Amino acid sequence: MTTQHEGQTALPPKTCTIERLVTMKEDVQKVLNGEKTATRRNGRYADIGEVMTLEGRDFVVENVYSQSLGELTDNHAKQEGFATVEDYKNAILSYHPGMPWLPHMRVWVHEFRAV
């Protein structure tokens, strides 16, 4: 099991439930195909060790940590199922019209794998 990032102690309370972690049809398909292994959200939707079930398949959350949008790399975008940060950014902004992309804005990263 992956450990929490350095310097991070107890996580704050969840702001939503794991059932809401991955809900968009395209994202669910990416997870099922093994193309998406992380989801970034404004809030914390899962605890480490919690299981998300998508179309009858289970995925365990291995790591949860905070990250700023400015820290995103192409490798992080690949975890999300995109080739580059720019592709990921364009997709996110298309889902949330009017939302600014601010490098200092923090999101919660939920990394998971198939069980």
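Reading the values: rules and limits
- Residues numbered from 1 in each chain as written.
- Predicted model: local features only at pLDDT ≥ 70, side-chain atom pairs only at ≥ 80, totals over all residues.
- Heavy atoms only, no water.
- pLDDT = per-residue confidence, 0-100.
- Contact = heavy atoms within 4.5 Å.
- Helix = DSSP H or I, 4+ residues; strand = E, 2+ residues; numbered from the N terminus.
- Salt bridge = Lys/Arg side-chain N within 4 Å of Asp/Glu carboxyl O.
- Buried < 20%, exposed > 50% of the residue type's maximum accessible area, 1.4 Å probe, protein only.
- Phe/Tyr/Trp six-rings, centres within 6.5 Å; stacked < 30°, edge-to-face > 60°.
- Lys NZ or Arg CZ within 6 Å of the ring centre and 35° of its normal.

**Some points on the confidence of the model for the protein chain**
Part 1 of the argument: For the protein chain, mean pLDDT is 92; residues scoring 70 or higher make up 92% of the total.
Part 2 of the argument: Low pLDDT (under 50) marks residues 1-7, which in the prediction has 12 contacts with non-local residues, meaning those over four places away or in another chain.

**Focus on the environment of Thr23**
Part 1 of the argument: Here Thr23 shows up in the segment before helix H1 (25-32).
Part 2 of the argument: A C-alpha to C-alpha distance of 9.0 Å links Thr23 and Leu54, two positions 31 residues apart in sequence.
Part 3 of the argument: Residues within four places of Thr23 in sequence aside, it is in contact with Val28 and Arg41.

**Notes on the pattern of salt bridges**
Part 1 of the argument: Inspection of the entire model under this criterion finds six salt bridges.
Part 2 of the argument: Glu71 serves as the salt-bridge partner of Arg106, at 4.0 Å between the closest nitrogen and oxygen. Remark: Glu71 occurs in the loop between strand S3 (57-68) and helix H2 (74-79) and Arg106 occurs in strand S4 (residues 106-114); sequence separation between them is 35 residues.
Part 3 of the argument: Given the relative accessible area of 41%, Glu71 is considered partly exposed.
Part 4 of the argument: What emerges from the salt-bridge pattern is a single network uniting Lys36, Arg40 and Glu80.

**So, the packing of aromatic side chains**
Part 1 of the argument: On inspection of all chains with the given rule, the structure shows three aromatic pairs.
Part 2 of the argument: On the numbers, 6.5 Å between centres and 80 degrees between planes, the contact of Phe59 with Phe112 is edge-to-face. With a gap of 53 residues between them, Phe59 in strand S3 and Phe112 in strand S4 connect regions that are remote in the sequence.
Part 3 of the argument: Overall, the relative accessible area of 4% leaves Phe112 in the buried class.
Part 4 of the argument: On the basis of an interplanar angle of 80 degrees and a centroid distance of 6.1 Å, the ring pair of Tyr88 and Trp101 is categorised as edge-to-face. Taken together, the positions of Tyr88 in helix H3 (residues 85-95) and Trp101 in the loop between H3 and S4 put the pair 13 residues apart, joining distant regions of the chain.
Part 5 of the argument: Here the aromatic residues Phe82, Tyr88 and Trp101 are joined through ring pairs into a cluster of three or more.
Part 6 of the argument: The positively charged end of Lys30 is found above the aromatic ring belonging to Phe82, 3.7 Å away from the centroid.

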